[in-house]
Amino acid sequence: MSDHLLSLRRVSCNYGAVQALNDVHLKVDAGEIVTLIGANGAGKSTTLKAIVGLLRPEAGEILFEGNSLLRIPTHKIAAMGIALVPEGRAVFANLSVLENLEMGGYLRNTAEIRQGLEYVFALFPRLQERIKQVAGTLSGGEQQMLAIGRALMAKPRLLLLDEPSLGIAPLLVKSIYEAIDAINREGVTILVVEQNAHLALKHSHRAYVLETGRVVMEGSSRELENDPRVKEAYLGEV
Ligand SMILES: Nc1ncnc2c1ncn2[C@@H]1O[C@H](COP(=O)(O)OP(=O)(O)OP(=O)(O)O)[C@@H](O)[C@H]1O
Ligand SMILES: [Mg+2]
């Protein structure tokens with residue numbers, strides 16, 4: 001038995017001849033914000049895909065509350081309480097903000113959907129102002145808010161976020177990360193993947209650094225922020 005909410009043990013994943021993850025280990029405890037940082041192609045998205053079963057590891061183990069996820073279909077993993085907000089904020093472009101959010105709550109009853117909507121609108125008032133707007137016409141940052149909101153409609157215990165800051169105006173990035181902190185304070189555990197190491201370390205408790213499919217460093221985010229190797233390679237400081 002493992003007492004971590006999520007743990008990856010010696011996970012390896014390939015795309016054909018390309019080895020994307022090599023013996024990756026990682027754990028996330030209930031209540032934490034953990035970040036996985038690394039450059040383009042390091043294997044960050046692959047790690048999240050493996051957790052939700054979109055990609056199956058060649059080797060290793062992935063446990064959620066001590067139970068293996070390796071043979072569980074993706075939709076059941078979602079029903080167990082894990083939600084992924086994928087890279088590039090995949091909202092339904094032709095559906096309205098409200099319809100997108102309702103889709104996220106498809107496993108829940110009417111009263112729960114109503115509560116979910118209230119919660120998401122309190123977190124992102126911009127979405128409430130645009131409730132009837134077609135999602136494809138929202139700004140990049142608003143689409144990211146919608147993608148996070150939709151994931152929250154399922155009331156996940158573990159939220160996986162893939163580069164929530166990518167391609168978004170700085171002001172909206174700030175409100176998205178403030179929302180991530182608020183979601184965590186409400187008791188949702190978060191694993192966030194980022195290329196923007198500065199931001200990710202500032203808004204997390206612990207961190208892992210991934211380089212070409214391997215975990216090369218790990219520790220508290222405060223420690224890593226001050227580590228000379230991290231400063232040089234990821235924070236643009238010498
Ligand atoms: N569908 C695929 N087919 C073949 N190779 C892939 C596929 N998806 C990813 N890869 C390769 O696997 C490696 C890890 O990719 P991954 O998308 O996990 O990186 P990442 O850390 O998320 O990068 P980025 O910051 O650019 O999103 C890369 O070398 C990538 O080229
Ligand atoms: Mg990626």
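The structure we're discussing is the one just above.
What you are looking at is a predicted structure, and each value in this text was computed from that prediction instead of being measured. Counting of residues starts from 1 at the beginning of each chain's written sequence and follows it residue by residue. Written order determines the labels here, with chains lettered from A and ligands numbered from 1. Confidence filtering applies because this is a predicted model: local features only for residues at pLDDT of at least 70, side-chain atom pairs given and counted only at 80 or more, and all residues used for totals across whole chains, interfaces and linings. The basis for every side-chain value is the complete set of non-hydrogen atoms in the structure, without hydrogens or water.

Trainee: What exactly am I supposed to notice about the overall build of the protein here?
Mentor: Counting secondary structure elements, the protein contains ten helices and ten strands. When we talk radius of gyration, it's over C-alpha atoms, and the globule rule is simply 2.2 Å times the number of residues to the 0.38. Compactness check: the protein gives a C-alpha radius of gyration of 17 Å against a globular reference of 18 Å for 238 residues, within 12% of the reference. Considered along the principal axes of its C-alpha atoms, the protein spans approximately 45 × 45 × 35 Å. Within the span of the protein, comprising 238 residues, buried residues form 51% of the whole. Strands here are runs of E lasting at least two residues and helices are runs of H or I lasting at least four, both read from the DSSP assignment and numbered beginning at the N terminus. Any residue under 20% of the maximum accessible area for its type is buried, any over 50% is exposed, and the rest in between are partly exposed; the area is computed with a 1.4 Å probe on protein chains only.

Trainee: So what exactly am I meant to see when it comes to the site of ligand 1 here?
Mentor: Nearness here has a simple test: a residue counts as near a molecule or strand if at least one of its heavy atoms is within 4 Å of that partner. Around ligand 1, a shell composed of 13 residues is seen, among which Asn-40, Gly-41, Lys-44, Thr-46 and Glu-87 lie nearest. In the model, an oxygen atom of ligand 1 is placed 2.8 Å from a nitrogen or oxygen of the Gly-41 main chain. Between an oxygen atom of ligand 1 and a side-chain N or O atom of Glu-87, the distance comes to 2.6 Å. Areas reported as accessible are Shrake-Rupley estimates using a 1.4 Å probe. Residue values count occlusion only from the protein chains shown. For ligand 1, the protein covers 63% of the area, taking 630 Å² as the surface of the free molecule. Residue contributions to the shell around ligand 1 peak at three residues, all from helix 1 (residues 44–51). Each residue belonging to the shell around ligand 1 can be placed in one class, and the counts come to four nonpolar, six polar and three charged. Within 3.5 Å is the distance limit for a polar contact, defined as a pair of N or O atoms, with the added protein rule that one can donate a hydrogen and the other accept it, and that residues adjacent in sequence qualify only through two side-chain atoms. In this classification, Asp, Glu, Lys and Arg are treated as charged, Ala, Val, Leu, Ile, Met, Phe, Trp, Tyr, Cys and Pro as nonpolar, and every other residue, Gly included, as polar.

Trainee: Honestly, the pairing of strand 4 (residues 59–64) in this entry has me stumped. Any pointers?
Mentor: If a strand is regular, its side chains alternate between the two faces of the sheet. By definition, two strands form a pair when at least two bridges between them are found by DSSP. Here strand 1 (residues 6–15) runs beside strand 4; their pairing, made up of five bridges, is antiparallel. Each residue of the ladder has a partner; that of Leu-8, found in strand 4, is Ile-62. With two bridges connecting them, strand 4 and strand 5 (residues 67–68) associate as antiparallel partners. Paired with Leu-63 across the two strands is Ser-68, which belongs to strand 5. Connecting strand 4 to the next strand, strand 5, in antiparallel fashion are two residues, including Glu-65 with a positive phi near 50 degrees.

Trainee: Just to check I follow, could you spell out helix 6 (residues 140–152) for this structure?
Mentor: Given 3.6 residues per turn, any residue in an α-helix points the same way as the ones three and four places further on. Its 13 residues give helix 6 an end-to-end C-alpha distance of 18 Å, which sits within 8% of 18 Å, the value for a rise of 1.5 Å per residue. Counted residue by residue, helix 6 has twelve buried out of 13 residues, so it is predominantly covered. For helix 6, the complete set of buried residues consists of Gly-141, Glu-142, Gln-143, Gln-144, Met-145, Leu-146, Ala-147, Ile-148, Gly-149, Arg-150, Ala-151 and Leu-152. Any two residues whose heavy atoms approach within 4.5 Å are treated as being in contact. Where the residues of helix 6 are buried, they touch strand 6 (82–85), helix 3 (97–104), helix 4 (110–123), helix 5 (125–129), strand 7 (158–162) and helix 7 (170–185). Take the residue count of a helix, subtract one, and multiply by 1.5 Å to get its expected span.

Trainee: Just to check I follow, could you spell out the environment of Phe-64 for this structure?
Mentor: Turning to its location among the elements, Phe-64 is positioned in strand 4. Each C-alpha atom of the pair Phe-64 and Asp-3 lies 9.3 Å from the other, and the pair is 61 residues apart in sequence.

Trainee: Honestly, the coordination of the magnesium ion (ligand 2) in this entry has me stumped. Any pointers?
Mentor: Where a metal carries four tetrahedral donors, each ideal angle is 109.5 degrees; where it carries six octahedral donors, the ideal angles are 90 or 180 degrees. As a rule, N, O and S atoms within 2.8 Å of a metal are its donors, except that Na, K and Ca use 3.2 Å; water is not among the atoms, so sites may look incomplete. Protein coordination at the magnesium ion (ligand 2): the donors are Ser-45 (OG), Glu-87 (OE) and Glu-87 (OE), at 2.0 to 2.8 Å from the metal. On the criterion of sequence distance, the pair formed by Ser-45 in helix 1 and Glu-87 in the loop between strand 6 and helix 3 is long-range, its members being 42 residues apart. On the accessibility criterion, Glu-87 (40% relative accessible area) is partly exposed.

Trainee: Where do I start with the pattern of salt bridges in this structure?
Mentor: Close approach of charged atoms lets side chains of opposite charge pair. Counted as salt bridges are all cases of a side-chain nitrogen of Lys or Arg within 4 Å of a carboxyl oxygen of Asp or Glu. Under the definition given, this model contains eleven salt bridges. For the salt bridge of Glu-32 with Arg-206, the shortest nitrogen-to-oxygen distance reads 2.7 Å. You can see Glu-32 sitting in the loop between strand 2 (18–28) and strand 3 (33–37) and its partner Arg-206 sitting in strand 9 (residues 206–211), a full 174 residues away along the chain. Side by side, Glu-32 and Arg-206 carry an identical accessibility label, which is buried. Across the salt bridge formed by Lys-44 and Glu-163, the nearest N and O atoms sit 3.9 Å from each other. Of this pair, Lys-44 sits in helix 1 while Glu-163 is found in the loop between strand 7 and helix 7, placing the two residues 119 residues apart along the sequence. The same class applies to Lys-44 as to Glu-163, namely buried. Three or more residues joined by partner-sharing salt bridges are found here, namely Arg-126, Glu-129, Arg-130 and Glu-142.

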